[in-house]
Amino acid sequence: MLLQNKKIAIVGGGPGGLTLAKLLQDKGVNIKIYERDFDRTARVQGSPLDLHQESGLAALQQAGLMEVFKKNYMRGADREQIMDPQGTVFFSDHGVKKEENFGDPHFRPDIDRGVLRNLLLDALQPGTIHWNCHFTEMKPQNDGWILYFKDGNTAYADIVIAADGAHSKIRPYLTDIKAFYSGITMIEGNIPNASEKSPAVTQLLKGGKIMAFGATENILMGQKGGDEIGFYLSFKVDENWTQQNTVDFNTPQQVKNWYKTKYASWNPLWDELLEVVTYPLTPRPIYCMPLDQHWVAQPNLTLIGDSAHVMPPFAGEGVNMAMLDALELCNNLTGNIFKAPLEAIADYESRMRQRASLIAKESLDNGETMHNKHALRDMLAFFTGFENP
């Protein structure tokens, strides 16, 4: 096996990195994860995830985690409603959508991001993940790397795999290609104990998802696990808006004042979101890697997930691509096709860039469709197959 007697370091403990670690451990590989979070409860996890048969679910299947996934996914959370700023429902598949199940080709079960992370963490051998390891730099040593962390600790690895997200600190050791701004920024909020704190929004959501489209500004909302609701205020704005605007997202009244201006034409029913949300809110400018990116493969370093191909979230593919990265990279490194790690990594990277480019283009196009003045009309046409006047 290509990885026999080799030490593998994964930097980043998101779904992609954790999936890869589980898959490699099942093959007997010596694997360690270095994660900057203090522990698994250090921060609120983001929006729910819908996993796809050919990618996220395929990775879980190979990892032997499908049964535990089936016990934890959110039945019915894939139900969708499309609304306008006044809260008028133009499309809903509640009570209409055929009940799908595992094995159906179009079934995309939703799971809370935090639940998925814990599911993967619990599947790893004790001591696999090293918390509170804030990566700062790495230097070549022998045929591998010495990794340096903020607390002064170091670690050696024969192969380093970057799974440290959109702002990867490891990516520059492989390529200087940078992501570009998509033109869209999202403000993320989270409502715990939603049925008690926000009964009106909970009733509106019905345990599923809402996409409300205005004139270039949207509200996107989804049910999370543990009686939580996650939502995003999503709109087109200049890249430097988050640096130049005067809104302090720690200060409720400033956020509400800004919202009343930006979403001035929206029905007051949406105001409840900002009354009950947990502050601070988190601004997230949305970036995407160039669709034609390329770099020369190295024998001891590669990338998965957002560190390799960050893209907008408007195709629901980000985590699925990361978990498929993990699956394909594991199979290349532990199979019998390639004679050396360089060959295995080069093949993985070539195929990964090609498929990620296609999905990133779809995500960019969807983002444009969802943030233009005809978004409601265009998205209704997408969901129903009929053009609305």
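Up top is the structure these notes are about.
The following refers to the structure shown.

The next subject is the overall build of the protein. When you go through the protein residue by residue, the secondary structure sums to 13 helices and 17 strands. Taken over the C-alpha trace, the protein has a radius of gyration of 21 Å; the compact-globule value for 389 residues is 21 Å, and the two agree within 12%. Across the 389 residues that make up the protein, the buried fraction comes to 53%. Contacts in the protein between residues at least 24 apart in sequence constitute 72% of all its contacts with a sequence separation of at least 6.

Right, let's talk about the environment of W270 for a bit. As for its position among the elements, W270 is in the loop between α8 (252–262) and α9 (272–276). Relative accessible area serves as the criterion here: at 1%, W270 is assigned to the buried category. With sequence-adjacent residues up to four places away left out, W270 is seen in contact with M83, D84, P85, G87, L204, I210, A212, I219, M221 and Y259. Among the polar contacts listed, one links the side chain of W270 to the backbone oxygen of P85, at a separation of 2.8 Å.

What follows is about the packing of aromatic side chains. Inspection of every chain in the model, using the stated rule, returns 20 aromatic pairs. Summarising the aromatic geometry, the rings of F382 and F383 are spaced 5.5 Å apart at their centres and angled 75° between planes, so their arrangement reads as edge-to-face. These aromatic residues form a ring-pair network of at least three members: F235, W241, F249, W258, Y259, Y263, W266 and W270. Geometry around Y148 places K139 over its ring, the cationic atom sitting 5.4 Å from the centre. Residue placement shows R353 over the ring face of W295; its charged tip is 4.6 Å from the ring centre.

With that settled, consider the pairing of strand β10 (residues 154–157). Side chains A155 and A157 of β10 all project onto a buried face; the interleaved residues T154 and Y156 project onto a face where none is buried. Across four bridges, the pairing between strand β9 (residues 144–149) and β10 is antiparallel. Among the inter-strand pairings, I146 is bridged to a residue of β10, identified as Y156.

In this section: the sheet that holds strand β1 (residues 7–11). Read from one edge to the other, the open sheet built from five strands follows the order β7-β2-β1-β11-β17, with strand pairing classed as parallel. Looking at the sheet topology across the chains shown, the edges are occupied by β7 (129–130) and β17 (301–303). As judged from the four bridges shared by β1 and strand β11 (residues 159–162), these two strands associate in the parallel manner. Each residue of the ladder has a partner; that of I8, found in β11, is I159. Seen against the sheet, helix α12 (residues 341–370) touches β11 and β17 and runs at an angle of roughly 20° to β17.

This part is about the sheet that holds strand β12 (residues 180–191). In a beta sheet, neighbouring strands are held together by backbone hydrogen bonds and run either parallel or antiparallel to one another. Read from one edge to the other, the open sheet built from seven strands follows the order β5-β4-β13-β14-β15-β12-β16, with strand pairing classed as mixed. Whereas interior strands pair on both sides, the edge strands pair on one side only; in this sheet they are β5 (89–92) and β16 (282–288). Shown here is a sheet whose adjacent strand axes are inclined to one another by a mean of 20°, direction ignored. One ladder, built from five bridges, connects strand β13 (residues 209–213) with strand β14 (residues 217–224); its direction is antiparallel. Bridge pairing in β14 places I210 opposite M221.

The rules behind these values
- Residues numbered from 1 in each chain as written.
- Predicted model: local features only at pLDDT ≥ 70, side-chain atom pairs only at ≥ 80, totals over all residues.
- Heavy atoms only, no water.
- Helix = DSSP H or I, 4+ residues; strand = E, 2+ residues; numbered from the N terminus.
- Rg over C-alpha atoms; globule rule 2.2 N^0.38 Å.
- Buried < 20%, exposed > 50% of the residue type's maximum accessible area, 1.4 Å probe, protein only.
- Contact = heavy atoms within 4.5 Å.
- Polar contact = N/O pair within 3.5 Å; in protein donor to acceptor, adjacent residues only side chain to side chain.
- Phe/Tyr/Trp six-rings, centres within 6.5 Å; stacked < 30°, edge-to-face > 60°.
- Lys NZ or Arg CZ within 6 Å of the ring centre and 35° of its normal.
- Pairing = 2+ DSSP bridges.
- Axes fitted to C-alpha atoms, helices over the stretch in contact; angles between N-to-C directions.

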